[in-house]
Amino acid sequence: IEPDLFVDPVTDTICRGETYDLSTLQIFDQNNSSPVYSYFLGFPPAPGNELMDLLVTPDQNQIYSIIGVSLDDCEDTLQFQLVVLESPDAGDDGAGYLCYEAENVNLFEYLNGQDNNNGRWTDPLGSGVDLSNPANVSFVGEPAGLYVFDYILSGASCAGDTARVEITINEEIRGDV
């Protein structure tokens, strides 16, 4: 009996960096031929792209081929696509030193590798600095010391990301005249 295979779902999604277990796919044989399955990276399936490990972590969208061979050596092939979604990247943590009563401070300039301004800034230590415009923050009237701000990007399908910026405001320099 020749297998007549289908998979449900035909396409699934993961976030970049996640692992997907192909052995969890729901493969159905409409002819009940009890096939033995082999999994392959890409299409067409060939001995050189057979997967020995069914835990996959693709960096980009990937097609997998699955061959089912029945007891009487009849076979059917199906394809499954794994779509890889980008995870939010808030950038890397950053730090800086500023003069006493600094103003017009752009917090985004202290994030390393960040290129998405769709997140939100928080003040986890509760300093009270006004973050309503993170591209133009003022420390006028604020005491010298360490200020910590978190930049948070939420993800629709993938986990969010947070980067921390630590700003040290130097002591006021007073000189005798």
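Here's a quick rundown of the structure. (Residues numbered from 1 in each chain as written. Predicted model: local features only at pLDDT ≥ 70, side-chain atom pairs only at ≥ 80, totals over all residues. Heavy atoms only, no water.)

Describing the overall build of the protein
Alright, step 1. Secondary structure assignment for the protein yields zero helices and twelve strands.
Alright, step 2. Relative to the globule expectation of 16 Å for 177 residues, the C-alpha radius of gyration of the protein, 27 Å, shows a markedly less compact shape.
Alright, step 3. Buried residues in the protein amount to 36% of all 177 residues.
Alright, step 4. Of the contacts formed within the protein by residues at least 6 apart in sequence, a portion of 62% connects residues at least 24 apart.
Alright, step 5. Roughly 10500 Å² of accessible area belongs to the protein as shown, and the carbon and sulfur atoms make up 46% of that amount.
Alright, step 6. One finds the centroid of the 4 positive side-chain charges in the protein at a distance of 18 Å from the centroid of its 31 negative side-chain charges. (Helix = DSSP H or I, 4+ residues; strand = E, 2+ residues; numbered from the N terminus. Rg over C-alpha atoms; globule rule 2.2 N^0.38 Å. Buried < 20%, exposed > 50% of the residue type's maximum accessible area, 1.4 Å probe, protein only. Contact = heavy atoms within 4.5 Å. Areas by Shrake-Rupley, 256 points an atom, 1.4 Å probe, with all protein chains shown as cover. Lys, Arg positive; Asp, Glu negative; His and termini not counted. Charge placed at Lys NZ, Arg CZ, Asp CG, Glu CD.)

A few points about the sheet that holds strand β5 (residues 36-41)
Alright, step 1. Spatially, the four strands line up as an open sheet ordered β2-β8-β7-β5, and their pairing is mixed. Edge strands, defined here as strands with exactly one partner in the open sheet, are β2 (11-15) and β5. The mean angle between the axes of side-by-side strands here comes to 25 degrees, regardless of whether they run parallel or antiparallel.
Alright, step 2. One ladder, built from six bridges, connects β5 with strand β7 (residues 62-69); its direction is antiparallel. Residue pairing across strands places L41 opposite Y64, the latter belonging to β7. (Pairing = 2+ DSSP bridges. Axes fitted to C-alpha atoms, helices over the stretch in contact; angles between N-to-C directions.)

Some thoughts on the state of the cysteines
Alright, step 1. A full pass over the atoms with the stated rule returns one disulfide.
Alright, step 2. The disulfide partner of C15 is C158, and the S-S distance across this bridge is 1.9 Å. Torsion about the S-S bond of the C15 and C158 cystine: about -100 degrees, corresponding to left-handed handedness. With C15 in strand β2 and C158 in the loop between β11 (145-153) and β12 (161-169), this residue pair connects regions lying 143 residues apart in the sequence. A single burial state applies to C15 and to C158, both of which are buried. (Disulfide = S-S within 2.5 Å.)

Some points on the pattern of salt bridges
Alright, step 1. Tallied over the entire structure, the rule returns two salt bridges.
Alright, step 2. Here E86 ties to R16 by a salt bridge, and the two come within 2.2 Å at their closest N and O atoms. Placement of E86 in the loop between β8 (75-85) and β9 (94-98) and of R16 in the loop between β2 and β3 (20-21) is noted, with a sequence separation of 70 residues between them.
Alright, step 3. Between D150 and R164 there is a salt bridge, with its nearest N and O atoms 2.7 Å apart. Placement of D150 in strand β11 and of R164 in strand β12 is noted, with a sequence separation of 14 residues between them.
Alright, step 4. On the basis of relative accessibility, which here comes to 10%, the residue D150 falls in the buried class. (Salt bridge = Lys/Arg side-chain N within 4 Å of Asp/Glu carboxyl O.)

Overview of the sheet that holds β11
Alright, step 1. Sheet architecture is open: four strands sit in the order β9-β12-β11-β10, paired in mixed fashion. Here the strands that pair on one side only, and so sit at the sheet edges, are β9 and β10 (120-122). Each neighbouring strand pair of the sheet contributes to a mean axis angle of 25 degrees, computed without reference to strand direction.
Alright, step 2. Alignment of β11 against β12, held across nine bridges, turns out to be antiparallel. Across the sheet, residue Y147 finds its bridge partner in β12, namely I167.

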